[in-house]
Amino acid sequence: MVLIIKRFVKVYSDSDDVPKRYRNLRKNAHVKTFLKPYPNIPDILVAEYGLDWNDKIIVFHVKNIQRPGWQGYRTPFKKVYYGTVREFGDYLRGYLDGIRVRRK
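The rules we used
Residues numbered from 1 in each chain as written. Predicted model: local features only at pLDDT ≥ 70, side-chain atom pairs only at ≥ 80, totals over all residues. Heavy atoms only, no water. Buried < 20%, exposed > 50% of the residue type's maximum accessible area, 1.4 Å probe, protein only. Helix = DSSP H or I, 4+ residues; strand = E, 2+ residues; numbered from the N terminus. Arc of directions from axis to C-beta. Contact = heavy atoms within 4.5 Å. Salt bridge = Lys/Arg side-chain N within 4 Å of Asp/Glu carboxyl O.

A.B. asks: A description of helix α1 (residues 41–49) should follow, citing residues and the corresponding values.
C.D. replies: All of the buried residues along α1 are Ile 41, Pro 42 and Leu 45. Projected down its long axis, α1 carries its buried residues within an arc of 110 degrees, all on one side. Among the exposed residues of α1, those oriented more than 90 degrees off its buried face are Ala 47 and Glu 48. Turning to α1, the residues buried within the fold contact β1 (2–10), β2 (26–34) and α2 (85–103).

This is the structure:
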């Protein structure tokens, strides 16, 4: 399972002269791709990639398919989480606990 994490960045700065409806317009910027869902992903995002605990992120899930003739193919993106980095830690903990329960 591959997790692709992106953060929301403002399109226009506060000093730009834009119409009121476009002031909070945001786009997503790629932060990091994790090949496995590690429990300390939020800590890594804060320590190494400069995110704040209250920054908004969006997380996509894709699967790698490794077969002869399909080398490096990934399934289409599926959005699994949208919210802050702090809340993502809680979401990830619940997800990993669910995996452990299914394996027993």
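Now that the structure is up, let's keep going.
A.B. asks: Could you give an account of the pattern of salt bridges, naming the residues involved and the relevant values?
C.D. replies: Scanning the model with the defined rule gives 2 salt bridges in all. Among the salt bridges present, the one from Asp 14 reaches Lys 10, with a minimum N-O distance of 2.9 Å. With a shortest N-O distance of 3.0 Å, Arg 93 and Asp 90 are connected by a salt bridge. Of the two residues, Arg 93 and Asp 90 both sit in helix α2, 3 residues apart, roughly one turn of that helix.

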